[in-house]
Amino acid sequence: MILEMLAQFAPVILIVVFLLGMVIGLPITWALGITTIVTVAIDPGVTFAVVGQKLFSSADNFAMLAVPGFFLAGDIMTAGGLSKKLVEFADSLVGWVTGGISLVAIVSCAFFAAISGSSAATTAAIGGIMYPEMIKRGYPSDYSTAVQAVGGTLGIIIPPSIVFVIYGSTNGVSISKLLISGMLPGILTAIALCIYGYLVAKKANFPKSFQDFSIKRVLKSLKGAIWALMMPLIILGGIYGGIFTPTESAMVACAYGLIVSFFVTRELTVKNFLDVVSKTAASTANVTVMFLAAQVFGFLIAYYDITTTIANFFVAVSPNWIIFMALVFFLLVITGMFMEVGATNVILSPLLAPVAAAFGIDPIHFGMVFVFLLALGQATPPFGSTMFIACGISGERVAAVIKRLLPFVLVEYACALVFTYVPWFSTFLPNLMT
């Protein structure tokens with residue numbers, strides 16, 4: 001009798017238990033899992049056998065194999081010493097500008113983003129090199145930390161991007177086109193961040209790395225970085241040319257990374273490689289378990305018709321796509337301050353993508369804007385992940401870094417507004433593929 005009464009409120013219990021888990025600080029995977037178990041246990045209309053089938057069908061996803069592939073490729077290239085070569089090349093390009101070393105950090109993050117596919121990996125790899133260098137050259141610790149944090153956000157915008165892969169797998173959108181869609185916005189955002197960094201450096205009279213631009217220096221550093229720069233060209237060229245799928249491209253990237261790291265830079269050993277594989281396995285396990293838990297949670301959301309309710313709400317309060325995108329922008333800014341990127345991706349994107357389609361918004365454009373806003377959340381206080389990683393590298397208090405970080409984040413949000421309302425930035429390159 002009690003279960004029958006509770007079953008009537010299963011949709012409410014689903015939402016309440018999940019929110020309660022988040023409020024008390026449970027990891028997102030646990031919050032999703034416990035919510036699913038409690039809801040299925042009280043509703044006789046849903047069985048654990050159905051949950052098992054959903055878990056299996058979600059795991060049986062060829063496209064998701066790209067996630068461990070890109071994780072492994074990024075870890076291999078980091079262990080192989082390619083991040084140092086990229087920093088040297090970036091330094092030769094912009095080190096002669098006022099505040100050059102801070103611009104080097106941002107440009108290096110853009111280069112490394114095209115290898116790692118992860119904001120956390122980008123912040124850790126480049127921040128570990130650039131933060132000590134900026135301190136050595138007299139930059140304030142809080143400012144140096146902020147630069148590493150904001151540069152890391154480029155990690156999931158510039159392809160390859162693990163978050164784009166998960167978004168495409170979750171919502172049935174072309175992963176190839178999603179990956180390409182982030183290229184132009186990512187590059188333009190990196191330029192905007194460099195412009196702001198230059199203005200800050202000019203005002204504070206920060207030093208240059210060296211006085212004059214030198215073609216000889218660029219060519220010399222390019223020789224060392226060419227192997228790293230070839231990787232994104234191979235990945236995107238292969239996808240764009242129809243030679244291999246995004247999933248296959250991840251495996252190609254791994255093979256290429258192994259060859260370069262073992263036989264060219266020779267900084268990767270068998271012992272190091274085992275450590276790299278262990279690190280990748282842990283990262284993949286975390287993402288996969290969360291993805292599967294979110295898929296079952298999403299199934300229950302759809303089963304109780306909560307998706308339709310949310311869609312009807314957005315349609316009711318949004319007379320056109322412009323207002324709808326404004327609401328999405330605001331929603332993702334708020335959730336980005338508190339929720340982890342992966343959780344926001346797999347929970348909110350299946351709810352919002354169908355509504356965007358109903359308004360006639362290009363699915364590639366919406367996917368790019370969605371992921372772009374998720375990236376900005378990683379540097380947005382109070383819980384931005386790249387912010388915490390950068391603070392971990394520097395030892396700075398988060399409160400001290402926020403003042404320096406917020407202007408950079410506002411520059412990114414200004415870029416996001418442009419990309420939100422001018423679909424051309426998202427769709428120009430993908431449309432060339434058709």
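This text goes with the structure placed above it.
Fair warning: this is a prediction, and the values are worked out from it, not measured in the lab.

Cut-offs used in this document
Residues numbered from 1 in each chain as written. Predicted model: local features only at pLDDT ≥ 70, side-chain atom pairs only at ≥ 80, totals over all residues. Heavy atoms only, no water. Disulfide = S-S within 2.5 Å. Buried < 20%, exposed > 50% of the residue type's maximum accessible area, 1.4 Å probe, protein only. Core = buried A, V, L, I, M, F, W, Y, C linked by side-chain atoms within 4.5 Å. Contact = heavy atoms within 4.5 Å. Phe/Tyr/Trp six-rings, centres within 6.5 Å; stacked < 30°, edge-to-face > 60°. Helix = DSSP H or I, 4+ residues; strand = E, 2+ residues; numbered from the N terminus. Patch = residues over 30% accessible without salt bridge, like charges linked within 9 Å, V, L, I, M, F, W, Y side chains within 5 Å. Areas by Shrake-Rupley, 256 points an atom, 1.4 Å probe, with all protein chains shown as cover. Salt bridge = Lys/Arg side-chain N within 4 Å of Asp/Glu carboxyl O. Axes fitted to C-alpha atoms, helices over the stretch in contact; angles between N-to-C directions. Parallel < 35°, antiparallel > 145°, perpendicular 65-115°, else oblique. Nonpolar A, V, L, I, M, F, W, Y, C, P; charged D, E, K, R; others polar. Polar contact = N/O pair within 3.5 Å; in protein donor to acceptor, adjacent residues only side chain to side chain.

(A) Structural view of the state of the cysteines. Under the counting rule described, the total for this entry stands at 0 disulfides. Of all cysteine sulfurs in the structure, the one in C194 sits closest to C109, which takes part in no disulfide; the separation is 9.9 Å. Relative accessible area serves as the criterion here: at 1%, C109 is assigned to the buried category.

(B) Focus on the nonpolar core. Counting 140 residues, the largest nonpolar core has F324, I347, F366 and L405 as its most contacted members. Contact partners of L405, with chain neighbours within four places excluded, come to A146, A149, V150, A379 and M387.

(C) The arrangement of the packing of aromatic side chains in detail. Under the counting rule described, the total for this entry stands at 17 aromatic pairs. The interplanar angle of 85° and the centroid separation of 4.8 Å between the aromatic rings of Y196 and F408 together place this pair among those described as edge-to-face. Highlighted residues: Y196 in helix α12 (residues 183–204) and F408 in helix α21 (residues 398–421), separated in sequence by 212 residues. Look at F324 and F359: their rings are 5.1 Å apart centre to centre, the planes differ by 20°, and that puts the pair in the stacked class. Taken together, the positions of F324 in helix α17 (residues 321–338) and F359 in the loop between α18 (341–358) and α19 (363–377) put the pair 35 residues apart, joining distant regions of the chain. Connected via pairs of aromatic rings, a cluster forms that spans Y139, Y143, Y196, F206 and F408.

(D) Fine view of a nonpolar patch on the surface. Where nonpolar side chains cluster on the molecular surface, the patch consists of I226, W227, M230, L233, I259, F263 and V264 and spans about 670 Å² of accessible area. At the level of elements, α13 (215–240) and α14 (246–264) are the ones that each hand at least two residues to the nonpolar patch. Take the nonpolar patch: its biggest share by element is 4 residues, from α13. Assignment of secondary structure puts M230 in helix α13.

(E) Focus on the environment of A204. Structurally, the position occupied by A204 is in helix α12. In sequence terms A204 and G99 are 105 residues apart; their C-alpha atoms lie 8.9 Å from each other.

(F) Molecular detail of the environment of L405. The residue L405 is located in helix α21 in this model. With a relative accessible area of 0%, L405 lands in the buried category. As a C-alpha pair, L405 and A282 span 123 residues in sequence and 30 Å in three-dimensional space.

(G) A look at the pattern of salt bridges. For the structure on display, the rule yields 3 salt bridges. Two residues, D75 and K279, come together in a salt bridge whose shortest N-O distance is 3.8 Å. With D75 in helix α5 (residues 66–79) and K279 in helix α15 (residues 270–303), this residue pair connects regions lying 204 residues apart in the sequence. Judged by relative accessible area, D75 falls into the buried class, the value being 8%. A salt bridge links D142 to R404; its shortest N-O distance comes to 3.5 Å. Of this pair, D142 sits in helix α9 (residues 141–152) while R404 sits in helix α21, and the two are 262 residues apart along the sequence.

(H) Inspection of the packing of α19 against α21 at higher detail. For the pair α19 and α21, interaxial distance at closest approach is 10 Å and the crossing angle is 170°. The orientation of α19 with respect to α21, classified from their angle, is roughly antiparallel. Counting all contacts with α19, which are made through H365, M368, V369, F372, L373, L376 and G377, the residues of α21 involved are E412, Y413, C415, A416, F419 and T420. Residue composition of the contact of α19 with α21, by class: 9 nonpolar, 3 polar and 1 charged.

(I) Focus on the side chain of T420. Tracing the sequence through the fold places T420 in helix α21. Among the polar contacts listed, one links the side chain of T420 to the backbone oxygen of A416, at a separation of 2.6 Å. Ignoring sequence-local partners within four residues, the contact set of T420 consists of W321, M325, F329, H365 and V369.

(J) Broad picture of the side chain of T123. Inspection of the secondary structure assignment puts T123 in helix α8 (residues 119–136). In this structure the side chain of T123 is engaged in a polar contact, spanning 2.9 Å, whose partner is the backbone oxygen of S119.

(K) Structural view of unusual backbone geometry. The step from P159 to P160 runs through a cis peptide bond, and the omega angle for that step is 0°. Of note, P160 is situated in the loop between α9 and α10 (162–171). Despite not being glycine, N205 shows a phi value in the positive range, around 60°. Among the structural elements, N205 can be located in the loop between α12 and α13.

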